[in-house]
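Okay, here's what each chain looks like letter by letter:
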Amino acid sequence: MQTSSDPRHALSRWSAALLSAAVLSLGLGLSVAPRQALAQARELPDFAELVERSAPSVVNIRTSERVRRAAGTPEMDEQMLEFLRRFGIPLPNQRPGTPRGGDEDEQPQRRGVGSGFILSADGLVMTNAHVVDGADEVWVTLPDKREFKAKLIGADARTDVAVVKIEATGLPAVKIGDVNRLRVGEWVLAIGSPFGFDSTVTAGIVSAKARDTGDFLRFIQTDVAINPGNSGGPLLNMRGEVIGINSQIYSRSGGFMGISFAIPIDEAIRVSDQLRSAGRVIRGRIGVQPTDVSKEVAEAIGLGKPQGALVQNIVEDSPAEKAGLEGGDVIVKFDGKAVEKASDLRRVVGATKPGSKVTMQVFRRGAYKDLSITVAELEDDSPRRAAEPSAKPTPTLGLTVVELTESQKRELKLRNGVRVEAVEGAAARAGLREGDLILSVDNTEISSVKQFQAVVAKLEKAKQITMLVRRGSAVNFVLVKPGR
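Draft legend 1. Quick look at the confidence of the model for the protein chain. For the protein chain, per-residue confidence averages 81 on the pLDDT scale, and residues scoring 70 or more make up 77% of the total. Mean pLDDT values for the elements of the protein chain range from 50 in helix α3 (residues 78-86) up to 97 in strand β11 (residues 234-236). Confidence drops under a pLDDT of 50 for residues 93-106, and excluding neighbours within four residues, the segment shows 31 contacts in the predicted structure.

Draft legend 2. Main features of the pattern of salt bridges. All told, the structure shown has 21 salt bridges when counted by the stated rule. Put simply, arginine 62 and glutamate 147 hold a salt bridge, and the shortest N to O gap is 2.8 Å. With arginine 62 in strand β1 (residues 58-69) and glutamate 147 in strand β5 (residues 147-156), this residue pair connects regions lying 85 residues apart in the sequence. A relative accessible area of 23% places arginine 62 in the partly exposed class. The class of glutamate 147 is partly exposed, set by a relative accessible area of 41%. Salt-bridge contacts for lysine 341 lead to aspartate 212; the nearest nitrogen and oxygen are separated by 3.8 Å.

Draft legend 3. Quick look at the nonpolar core. Residues Phe117, Met126, Leu189, Ile245, Ile263, Ile265 and Ala268 are the most contacted members of the largest nonpolar core, which totals 27 residues. Where this core is concerned, the elements lending two or more residues are α2 (48-54), β3 (124-127), β6 (161-165), β8 (187-192), β12 (241-249), β13 (260-264) and α5 (265-278). Broken down by element, this core gets its largest block of residues, 4 residues, from α5. Core analysis: the next-biggest nonpolar cluster, separate from the first, contains 23 residues, Ala426, Ala427, Ala428 and Met467 among them.

Draft legend 4. Here's a closer look at unusual backbone geometry. If you check the backbone angles, lysine 145 has positive phi at about 80° while not being a glycine. You can see lysine 145 is positioned in the loop between β4 (137-141) and β5. With a relative accessible area of 61%, lysine 145 lands in the exposed category. Residue arginine 365 is not a glycine yet carries a positive backbone phi of 50°. Relative to the helices and strands, arginine 365 resides in the loop between β19 (357-364) and β20 (367-374). Judged by relative accessible area, arginine 365 falls into the exposed class, the value being 68%.

Draft legend 5. Helix α11 (residues 449-458), seen in detail. Of all the positions in α11, only Val449, Phe452, Val455 and Val456 are classed as buried. Looking straight down α11, one finds its buried side chains confined to an arc of 125°; they lie on one side. For α11, exposure combined with an orientation more than 90 degrees from the buried face picks out Lys450, Ala457 and Lys458. Residues of α11 that are buried in the fold lie against β22 (399-403), β23 (418-423), β24 (437-441), β25 (444-445) and β26 (465-471).

Draft legend 6. Looking closely at the packing of aromatic side chains. Using the criterion set out here, one finds 3 aromatic pairs in the structure. Between phenylalanine 47 and tryptophan 187, the aromatic rings sit 5.9 Å apart at their centres with planes inclined by 65°, giving edge-to-face as the arrangement. Here the residue phenylalanine 47 occupies a position in the loop between α1 (7-43) and α2, and tryptophan 187 occupies one in strand β8, the gap between them amounting to 140 residues. Aromatic side chains phenylalanine 219 and phenylalanine 261 sit 6.1 Å apart centroid to centroid with 65° between the ring planes, which places their arrangement in the edge-to-face category. Residue phenylalanine 219 is found in strand β10 (residues 218-222), and its partner phenylalanine 261 is found in strand β13; the two are separated by 42 residues along the sequence. Of the two residues, phenylalanine 219 and phenylalanine 261, both sit in the buried class.

Draft legend 7. Seen up close, the side chain of aspartate 329. Note on placement: aspartate 329 falls in the loop between α7 (319-323) and β17 (330-334). Using a relative accessible area of 1% as the deciding quantity, one classes aspartate 329 as buried. At 2.7 Å, the side chain of aspartate 329 and the side chain of arginine 364 are in polar contact.

Draft legend 8. Representation of the side chain of aspartate 344 within the structure. As for its position among the elements, aspartate 344 is in helix α8 (residues 342-350). Classification of aspartate 344 as buried rests on a relative accessible area of 10%. In this structure, aspartate 344 is in contact with Arg218 and Val339, ignoring residues within four places of it in sequence.

Draft legend 9. Layout of the environment of aspartate 144. Within the secondary structure layout, aspartate 144 lies in the loop between β4 and β5. For the pair aspartate 144 and valine 59, spaced 85 residues apart in the sequence, the C-alpha separation amounts to 9.6 Å. There is a polar contact of 2.9 Å between the side chain of aspartate 144 and the side chain of arginine 146.

Draft legend 10. Layout of the pairing of β17. Burial analysis of β17 places 4 of its 5 residues in the buried class, which makes it a mostly covered element. Bridge count between strand β16 (residues 309-314) and β17: 2 bridges; the pairing is antiparallel. Looking at the pairing, alanine 309 lines up with isoleucine 331 of β17. Pairing of β17 with β19 involves 4 bridges; the strand directions are antiparallel.

What counts, and at which threshold
- Residues numbered from 1 in each chain as written.
- Predicted model: local features only at pLDDT ≥ 70, side-chain atom pairs only at ≥ 80, totals over all residues.
- Heavy atoms only, no water.
- pLDDT = per-residue confidence, 0-100.
- Helix = DSSP H or I, 4+ residues; strand = E, 2+ residues; numbered from the N terminus.
- Contact = heavy atoms within 4.5 Å.
- Salt bridge = Lys/Arg side-chain N within 4 Å of Asp/Glu carboxyl O.
- Buried < 20%, exposed > 50% of the residue type's maximum accessible area, 1.4 Å probe, protein only.
- Core = buried A, V, L, I, M, F, W, Y, C linked by side-chain atoms within 4.5 Å.
- Arc of directions from axis to C-beta.
- Phe/Tyr/Trp six-rings, centres within 6.5 Å; stacked < 30°, edge-to-face > 60°.
- Polar contact = N/O pair within 3.5 Å; in protein donor to acceptor, adjacent residues only side chain to side chain.
- Pairing = 2+ DSSP bridges.

Below is the structure:
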């Protein structure tokens, strides 16, 4: 007969208790685990509905430019031609940078592929300026495969924003989001045409809301995969709203490496509004060359900490010179806004309306000083080829010329002249090149495109023409013999 003190009985009771605990634990686990899994599932993003709503507003943008095949160039298989173009190999009998000759044939060539999105139902499309830069033709393809030739409304190189227009109505426009509501760590999504693969979707999270890369804008930084062809496409939040335009990547290989940048949509809309109303973006300037203040310099001059924009150079007869600004001054405030670095100064001045009179605080020789300055207008350098006043190619000369801006004249120290935009025929045979500056024609000083056209029109068609041409820093006479 066994007693309660029997070791075997005690072991049996201990085993039973252990088994009961295990069963209880398993039961609790079965009841808790599904709830945890459901909670996690609710937190994970589902992009399917978002893509269905947003994808119809994202377009493919294809650009082309006129290329010329020199006479005597042999016909080649199209695949071989594409191979040569892709790797930048010159065609046979064609040297890189060869001036366009009169015996060459113009042919449209596919030049690049990018993305964009529909801004309004009547056909306004937003993209990057670098997508359409230099293009002779811009084609927009909708997700339903309809294709339209687009008109460039305007492009701003400094912010990399461009607006084009297609003749269509009833298009699905995107919803614009509030960048101020964006949070670091938030899920975002990109739709575009990387490598020509239309409607490609990639996702990631926001790493920074205002990353300073030294450009004219601060960027939204994400880890969304962006590759060639994604440029100009939308960056969307989880509400399906556009909060940025995919513009740049950080890469050492040329491909995506985990860091991409988007232009904040509020800045892009501000730029697009000016492009639509004026064809360009109006910005302020004061005429200084600023740089950041290092820690060592800040300590040496008594500034305490590295802040502000150190003035390295002042443009002659500029607002800065008139206001009494001096080289070595550190601008710490502009129009009441703190200036932490040189890029801050460029942005705040650029956003100031030309003609405004504002107060600028500088640190000079150990003390702070307020200066009053009237902001001037920054010359527009954005790529607007279609908007530039230009002469049509002259049949006898083969020249297309454009105006020089006032800032270009100041930089080149010229009073007059026009710039050669395209050259062929007689002008090319005489040695003229794109970028040359024509200062005079047959001893008549040229001050505008209109005057150039008038002078050339009066010349005898068969007479040799003498042009004073500047190339780089050298000036020389070029003799142009009109062709057939």
